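Next come the chains, spelled out residue by residue.
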Amino acid sequence: MKKILQLWSFSENSYAKWIFSLSCCLLILSINSMAYSQNTFQVSGTITDATTGEALPGVNIIVHRMTIGTASDANGHYSLNIPSPTDTLVFSFVGYTRILVPVEGRHTINVKLVSSTITGQQMVVIGYSTQKKKDLTGSVAVVNTQNMIAQPVGEVTKQLQGQASGVTVVSSGQPGEAPQVHIRGFNTFGNNTPLYVIDGVPTQNISDLNPGDIESMQVLKDASSSSIYGARASNGVIIITTKKGRGKINVSYDSYWGMQYPKSGNVWHILSPQGMADLAWQAYANSGIAVADMPPALLSQYGSGSKPVLPDYIKPAGAKKGDPSVNPSLYYVDPNYTDPAQLNGFYQIMPANKSGTNWYSEITKPAPEYNSNMTVSGGGNLGNYLFSLNYMNRQGTLIYTYLKRYAIRANTNFNVSDNIRIGENLEYSTTNNPQSSVLNEGSAIGFSYREQPIVPVYDIKGNFAGTQAPGLGNPQNPYAYIYRSRNNKGSANRLFGNMFAEVDVTKNLTVRTSFGGEIFSNDYRQFNYPTYENAENTLSNSYAEQHYAGHNYTWTNTATFQKTFLRNHDVKVVLGTEAYDNNYNNLGGTTQDYFSFNPNFTSLTTGSGTTTNFSSRGEDKLFSLFGRVDYNYRDTYLLSATLRRDGSSKFVNNRYGFFPAGSIGWRISNENFMKNITWLTDLKLRAGYGVMGNQLNVDPNNGYSLYAGNKMMANYALTGSNQSTVTGFQQTRYGNPDAKWEKDVNADFGIDATIFNGHLMLTGDYYIKDIRDLLYNPQLPGTAGLASAPYVNVGSMRNRGFDGSIEGRGTLTGKLKYDATLTFTTYTNKIIKIANNVNYFDQDGRRFNSGAIIRNAVGHPMSSFYGYKIAGFWNSQQEINNADAAALKASNGDVSVYEQDEGVGRFKYVDTNGDGHITPADRQFLGSPNPKYTYGFNLGLNYKNWDFSMFIYGVQGNKIWNQVKWWTDYYVSFQGAKSTTALNDSWTPQNHNATAPIQEAGSYFSTNQVPNSYYVENGSYLRAKNIQIGYTIPSNVVGQFGVSSLRFYVQAANLFTITKYSGLDPEVGFNQGAGNSGSYTDFGVDEGSYATPKEIIIGVNLKF
Amino acid sequence: MIVVSCKNYLDAPPQGSLSSPVLQNNKGVKALLVGAYGALDASGQYNANDITGSYSPWEVSPDNWIYGDVAGGTFHKGSDPGDQGTAINPIARMTVNPQNGFLDAKWRADFEGVSRSNQVITTANQTSDLSSQQKNEMIGEARFLRGYYYFDLKKMFDKVPWISDSTTNYQQPNNKDIWPNIEADFKFAMDNLPGTQSDIGQANKWAAAAFLAKSYMFEKKFQEADALYDEIRQNGTNSLGVKYQLTPNFEDNFRSTTQNNSEQVFEIQQVANDGTSTIANARMGDMLNFPYNSPFGCCGFYQPTLDLVNSYRTDGNGLPYISESNKFAYDDTMVTNDQNVAPDAQFTPYQGHLDPRLDWTVGRRGIPYLDWGPFPGTKWVRNTANGGPYVAKKIIYWRSLESVEADHSTWAPGTAINVVVIRYADVLLMAAEAKAQLGNLDEARQLVNQVRDRMINNPQNWVNYKYNEAYALKTVDSQAAMLALDAIAGDYVVRTDTKSTWVLLKGDPSNINNWNEYKDPNYKIGEYPPGSFTSKQDALTKIYFERKLELAGEGHTFFDLVRTGQANEQLNHYFQYEGQYVSDIKGAKFTDTYQYYPIPQNQIDIMGKDANGKPILTQNPGY
């Protein structure tokens, strides 16, 4: 707690607020015990759900226009003394339609409440306001939070996958790894993360939000619903409201425990050690290299016979059992060596693992997970309160990765008087989340398909074995790699929330002020061990520590006017201002040369070698004015308009922008001509148009031409010193003071229908988004130097798509009730313009160096795959000669070869432009990782005390670039592990119908040097994300123990996946290596993913 | 109230940087000048540009090991075939195309240097607190550097756009020869810089003169070059005022503690362990070029060719096998190598006559690898089939200097060994070439001999078994003492009785058959006798060959071959000869298209089009 107080002192006055809200929390506990002795007339009754007939506990009952009230108990009973038998009672309960019942002298009033989701009376939170769901004119997806949080991953962004139409989430199995979330296609070349608004406070980050605290979640998808968030709306807005207390004291405890199981078996299809050796012999023979001319290092392991023979030891190379060189007394390794020169004196002895090491299974293991959530809540006339405490510990299936989180929340709300409400929402969280990098060759997962199976995990003395044994390539021991990270620690702390006050100035006018934001800090420390077992070793030991911290605040003031004129004209007007200020700083250092590697010893001060420190900081601000008008006539003609003016510190000459939007709705079902259609409960047509902005994609310094010193780039050892440099300056940035917002012009047409009295609900939207003035930093000509090019508003792109959902609910037979939802998302993204003279930009060269895999080009969707298309193999020299002759003829004698490095058994590429030979101009688009559509299907069934739920998610029509095949399917792509395809299904004179080309000792344009269609695979999949069966113990059994509800459940997550993809997991996100700014334009390249594990879970829900 | 104050509210000044006016003073210009020097080591800029701009340090290594040595046939790329193969193999095999990203990186790195040099000039001209002498000296250094960067661009790409300090539009065509501009920059620097500077790293008058003379040589202005070389030889000094002369010890030019000596005309200064925890200032461009599976860590690139090693064979007079009539006689016999010899099999190094410079240039089995012991052969070579059996030497740090020269901050080593751009031996051989071109064959011969004399006169500098003493298991004086040692495979012992080094290859140290003896090489080097330069062509052939022997592994070869018109003949011979033994360049052919690298396609694209719709940058012919 002391830490929290210190953090608060960052901003003035905050301390007082904290104390105030804390003391308020304590006060509220006594609210329910207050007596109302002056009341005389007693009313009592039972409240039940109109559909299910179940008793509803916790329903608020107050006397209309008074502060007298109570709440129903566990059995739905209530009893209340009221001043007069002519009063009216108001029954309200979240998720149900509020009703007013005149007492009319009755002492017993039983009430059936109707679920508001069925009637459309449900209130949904939209930008700076609330609206009845049925009156929405914008495109808003209301997330079923119950279904959502049933996913056992603990991070809201991952749970959102498939739960809301129009939202695309690409995730991985790594705990805490931020998924790629984007709404309705892509809205910018840069950061596509939507804006999250939690209890009215905007933020870009919800990774530490406890899902159990979420009451409701709305996704604002189109301009008419989200452009009131102006310059931050373009990526879509997700509004989250956290839970509030109500009724008598509720204590609930929800907990689950589970195990996650990684894939087992030969997941990379790697050859046996003998197969590896046979492949080497085959490849050299295919290249016309005699065994005697093969590299001595290779022969030293397998002998120089016509067939390779597996050794007993790989270091000393090729040694047999009993050889004096493997005498253990010779062995000397100091794994914690501090002087690189010591390495020279090591004598390591590594046995050969002739049966083969399965490296993937060495670095993965079944991992437990545990989550527990305790909530205390309650409320009454004077206000309400809710505390929650969440502990979650999700271990990763890749060893030494995990996510541990502690989150504590306090939400309180006070009715200070009839017309004044003050409250706060606050979460403090601490997260420990060491992650491994994924989708790249240099990670533990990457090494697991590169390290050869003949290498054992350990040498004869239990130190690590590896490619220090000659002739086995250069990967690192994957287990050692991740094991050495075990003591790296990091923690992220965050305080997020707000405090607000609301005053009803008159019956129609409410003013509200909210001050909120976050204070966060992240620490990370890491020790880099020297290595000794690999071909390429790290020779130094070093320690690094980093601290990233910041705070931001949002101060929002609104005035809301609401009135019904002339009975049928409902008008609601909201006007407001908002100020946002964001500060962050980064501080870190490294030190080398440690006397001891004990994690309790290593710190920045205890090293004796080179020390380095660094820091950076930044600030950006927004100031905004906004307004909205909602009008409806007879609940039939609906109209909404919003306007926002934003000023941003990130821009210089174009600091202010206007973001207007409007929408109309027509509830046809209210028209007289529709009244006779009884099966149609509700039908509404909607249309909206507006402009949204984006300013994430621009550096705060973008407007300025700047110079800076940089020790690495500008300093120079002018004095001739071997050890130190003289400070130099360089231009670091060209400024563009004219940059402005990215502008997202959006039209949306939607339909909402409720059929068969709420048994079936449909929502569908078609949209077009034209994004203009896209910020892009076109590469400057080399003649301008390397100073960062500024972002300029030059690009444009278009998204079109359809998203919708169908929800059905009802009773099948007797007590068997069902609730099913299908969500459906499509988008087509097309780049219209990048910059003048720039029709594409390439990314992601991997081992192709400058031959990039990804081309973002005009007329194509983001992150399209690009390269040569394979027409087949060259099956004979005659075929090559014919092609060469044709090339010579087509070029009038200029070109004598059809294709560079052509050879029998290698790839023949398609001559796309028909000029008779292969040039870079023959590259073509080979597919896109963007799916044609994604879908999610939730099914819930209830039978008496049993409940069943299931969630299926699918992705259809996307491609994946399986870069793992570059490593495993060509002998020549480094001397690492190879696939069974390379040995058994590669081209040979006998096997023309092969998968892989001929295996050779050389690397060629026509085999593995350039991106080509060999790597492109169908990435469609269908996955059973969640299947759950629960049983609720009847309340008459547990009631005697003071328990109001007790439910047990078992759950299976990711039980099966149907896919044709040959890699580890078809869910492949963006390339982390590309950094945040480049990532959204570079995804779908699989170089070893952190696969989503299968999970088995048992859980309990307990309420007192 | 809030509305009124929001104009100021939105001000958020940039953090951690300065705007241009702050630098318009003496200190500021000086800092920009240091920054212009800082761009010499372009490999440190490797992630300078965020989105499309990042490149790897070796793509822009200022010693041009890829573009000068690998392309020149003196070195193989090395490593595994696929490792960086997509970009480097086509350069080595003369099939490079304009899409090659390495060339784009190289182009941009040199122009960053141009850009920084121009900023110095612009800012100096805007600054009032500089005396005119100070201003001219600073501008002089900046123009020297600009000349240097353009010189590098010119020899790579030939057609290069000219951006000066007065250029405001960066879209400039490459349709004019920029040699006159380069000359003017070096001339200005030569006229305005002092002979003696306060810091050794600064260019002085003579460095500018040497570059100007070299420019003349590229332009075939032999008269002007000859006169200037005479002046440099007469009066030239290094930046601290020490008269130019060859150092007695050849390897002093490749060791950080002995560099910046009397032979140094211009070096790019490097530092190790400079507090950045990176090797950005520690010769990062060569980080891949260390022996493999060795104490260096990484990565087995940059391997000398068989053809280069054969070049060092000498006859009974200590002269190389070269003449106008038989330009490839040196390849008639191959220097014995261990291409197919396992590390634990016996190997006897070549016993024929050799030029001692070989073993300061190439690491080969059995010969002291600086003070790292006898080079263990294929054990430290990544893939002999792809890159041959040899490793580089001039860029390698000494074991005894590891704490000074080596930087292990990252996954591959950095070193404090300076990049030698021009050293006095280069000046002498260029001067000899100018003399020969002007028909003055005997003076040319004497200049060549002056270079050879360093080795002839300093036999104490020839590599011998004593270099192994420092880290040998032991120095002993008899076989019995050696066999009694508790040695393990890989240990080496210096024997004073045999004057040789013995390595235990495997097994039992008491069995003499498990030991491999390495005798000292049979060095022989002599002067060209009077009259041995029989004709202008013969003289030139021998001078060119002397450049190969003296300067191999310093990034010159390919540019020398093109400059002297030998590329076709030499490279096609090399491909034919070397391709019999090493697979990476097997079957390659050189055609004249490849004498200049293609203008990077990316640069042509982003430079845009002119008013007539034609690309502003013109591609070199043939691409």
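Please read all numbers here as calculations on a predicted model, not as lab measurements.

Caption draft 1: Molecular detail of the overall build of chain B. Of regular secondary structure, chain B possesses 20 helices and 14 strands. Relative to the compact-globule value of 25 Å for 623 residues, chain B shows a C-alpha radius of gyration of 26 Å, a close match. Put simply, chain B has 623 residues, and 68% of those count as buried. A separation threshold of at least 6 residues defines the contact pool for chain B, and within that pool the share at least 24 residues apart is 70%. Accessible area for chain B stands at about 19100 Å²; split by element, carbon and sulfur atoms hold 48% of it. The centroid of the 55 positive side-chain charges in chain B is displaced by 2 Å from the centroid of its 71 negative side-chain charges.

Caption draft 2: Spatial organisation of the packing of helix H7 (residues 179-192) of chain B against helix H8 (residues 205-218) of chain B. All names here are of chain B. One can describe the packing of H7 onto H8 by two numbers: an axis separation of 8 Å at closest approach and a directional angle of 155°. Judged by the angle between their axes, H7 and H8 are roughly antiparallel. Of the two elements, H7 crosses H8, and the hand of that crossing is left-handed. Contact residues: H7 offers Trp179, Ile182, Glu183, Phe186, Lys187, Ala189 and Met190, while H8 offers Lys205, Ala208, Ala209, Phe211, Leu212, Ser215, Tyr216 and Phe218. Looking at the contact of H7 with H8 residue by residue, the classes come out as eleven nonpolar, one polar and three charged.

Caption draft 3: Summary view of the domain arrangement of chain B. What the domain assignment lists for chain B is domain 1 (1-41 + 97-193 + 591-623) and domain 2 (465-519). Spacing between the C-alpha centres of domain 1 of chain B and domain 2 of chain B amounts to 57 Å.

Caption draft 4: The arrangement of the pairing of strand S9 (residues 419-423) of chain B in detail. Residue and element names in this part refer to chain B. Of all five residues that make up S9, five are buried, and the element is covered over most of its length. Bridge analysis of strand S2 (residues 264-268) against S9 gives four bridges, and the strand direction is antiparallel. Bridging across to S9, Phe266 finds its partner in Ile422.

Caption draft 5: Highlighting a nonpolar patch on the surface. All names here are of chain A. A contiguous nonpolar surface patch, about 610 Å² in accessible area, is contributed by Trp257, Tyr943, Trp946, Ile1029, Val1050 and Ile1098. Within the secondary structure layout, Ile1098 lies in strand S53 (residues 1094-1103). Classification of Ile1098 as partly exposed rests on a relative accessible area of 48%.

Caption draft 6: How the structure looks around unusual backbone geometry. Omega for the peptide link from Lys315(A) to Pro316(A) comes to -5°, which places this bond in the cis form. Looking at where Pro316(A) falls in the secondary structure, it is placed in the loop between strand S18 (313-315) and strand S19 (350-351). For the bond running from Cys298(B) to Cys299(B), omega is -10°, close enough to zero to count as cis. Notably, Asn892(A) is not glycine yet its phi reads approximately 55°, a positive angle. Positioned with a positive phi, Lys220(B) is a non-glycine residue whose angle comes to about 60°. Note on placement: Lys220(B) falls in the loop between H8 and helix H9 (222-235). Accessibility expressed as a relative area gives 48% for Lys220(B), which makes it partly exposed.

Caption draft 7: Inspection of the pattern of salt bridges at higher detail. Within the structure shown, the criterion is met by 91 salt bridges over all chains. The closest approach of N and O atoms between Lys134(A) and Asp635(A), which form a salt bridge, is 3.0 Å. You can see Lys134(A) sitting in the loop between strand S9 (129-132) and strand S10 (140-143) and its partner Asp635(A) sitting in the loop between strand S28 (611-633) and strand S29 (637-648), a full 501 residues away along the chain. If you follow the salt bridges from partner to partner, you end up with Glu263(B), Asp355(B), Arg357(B), Lys394(B), Arg423(B), Arg452(B), Arg454(B), Glu546(B), Glu550(B) and Glu554(B) in one network.

Caption draft 8: Seen up close, the state of the cysteines. Residues and elements named next belong to chain B. Summed over all chains, the structure comprises one disulfide over all chains. The disulfide bridge from Cys298 ends at Cys299, spanning 1.6 Å between sulfur atoms. The disulfide joining Cys298 to Cys299 has a torsion of about 95° about its S-S bond and is therefore right-handed. Residue class for Cys298 comes out buried when judged on its relative accessible area of 0%. Since its relative accessible area comes to 3%, Cys299 is described here as buried.

Caption draft 9: Looking closely at the nonpolar core. In this structure, Phe144(B), Tyr150(B), Ile232(B), Phe266(B) and Tyr597(B) are the most contacted members of the largest nonpolar core, which totals 179 residues. Among residues more than four places away in sequence, those in contact with Tyr150(B) are Phe111(B), Val114(B), Val160(B), Pro161(B), Trp162(B), Ile163(B), Ile178(B) and Ile182(B). In terms of nonpolar packing, the next biggest core, distinct from the first, is built from 95 residues, Met294(A), Ile399(A), Tyr868(A) and Trp966(A) among them.

Caption draft 10: View of the sheet that holds strand S44 (residues 924-927) of chain A. Residues and elements named next belong to chain A. Taken in spatial order, the four strands make up an open sheet running S39-S40-S41-S44, and their pairing is antiparallel. The strands lining the two open edges of the sheet, one partner per strand, are strand S39 (840-843) and S44. Direction aside, neighbouring strands of the sheet carry axes that sit 45° apart on average. As paired strands, strand S40 (residues 854-857) and strand S41 (residues 864-867) are joined by two bridges and run antiparallel to one another. Directly across from Ile854, in S41, lies its bridge partner Phe865.

Caption draft 11: Summary view of the confidence of the model for chain B. Residues at a pLDDT of 70 or more form 97% of chain B, whose mean pLDDT is 93. Under a pLDDT of 50 for its full length, residues 1-6 of chain B has, in the predicted model, seven contacts with residues more than four places off or in other chains.

Caption draft 12: Examining the interface of chain B and chain A more closely. Each partner contributes to the interface: chain B provides 114 residues, whereas chain A provides 103 residues. Contact between chain B and chain A buries roughly 9400 Å² in total, counting both sides, with carbon and sulfur atoms accounting for 54%. With its nearest N and O atoms 3.3 Å apart, the salt bridge here joins Glu536(A) to Arg382(B). For the pair chain B and chain A, the interface holds 31 residue pairs in polar contact (both at pLDDT 80 or more). It is helix H5 (residues 101-126) of chain B that provides the largest number of residues to the side of chain B that touches chain A, a total of ten residues.

Caption draft 13: Inspection of the side chain of Gln131(A) at higher detail. Residue and element names in this part refer to chain A. Within the element layout of this structure, Gln131 appears in strand S9. The class for Gln131 is buried, based on a relative accessible area of 12%. With sequence-adjacent residues up to four places away left out, Gln131 is seen in contact with Gln122, Met123, Val124, Ile126, Leu136 and Asp630.

Conventions we followed
Residues numbered from 1 in each chain as written. Chains lettered and ligands numbered in written order. Predicted model: local features only at pLDDT ≥ 70, side-chain atom pairs only at ≥ 80, totals over all residues. Heavy atoms only, no water. Helix = DSSP H or I, 4+ residues; strand = E, 2+ residues; numbered from the N terminus. Rg over C-alpha atoms; globule rule 2.2 N^0.38 Å. Buried < 20%, exposed > 50% of the residue type's maximum accessible area, 1.4 Å probe, protein only. Contact = heavy atoms within 4.5 Å. Areas by Shrake-Rupley, 256 points an atom, 1.4 Å probe, with all protein chains shown as cover. Lys, Arg positive; Asp, Glu negative; His and termini not counted. Charge placed at Lys NZ, Arg CZ, Asp CG, Glu CD. Axes fitted to C-alpha atoms, helices over the stretch in contact; angles between N-to-C directions. Parallel < 35°, antiparallel > 145°, perpendicular 65-115°, else oblique. Left-handed = near helix turned anticlockwise from the far one by under 90°. Nonpolar A, V, L, I, M, F, W, Y, C, P; charged D, E, K, R; others polar. Domains from an automatic or database assignment. Pairing = 2+ DSSP bridges. Patch = residues over 30% accessible without salt bridge, like charges linked within 9 Å, V, L, I, M, F, W, Y side chains within 5 Å. Salt bridge = Lys/Arg side-chain N within 4 Å of Asp/Glu carboxyl O. Disulfide = S-S within 2.5 Å. Core = buried A, V, L, I, M, F, W, Y, C linked by side-chain atoms within 4.5 Å. pLDDT = per-residue confidence, 0-100. Buried area = accessible area lost by both parts, 1.4 Å probe. Polar contact = N/O pair within 3.5 Å; in protein donor to acceptor, adjacent residues only side chain to side chain.

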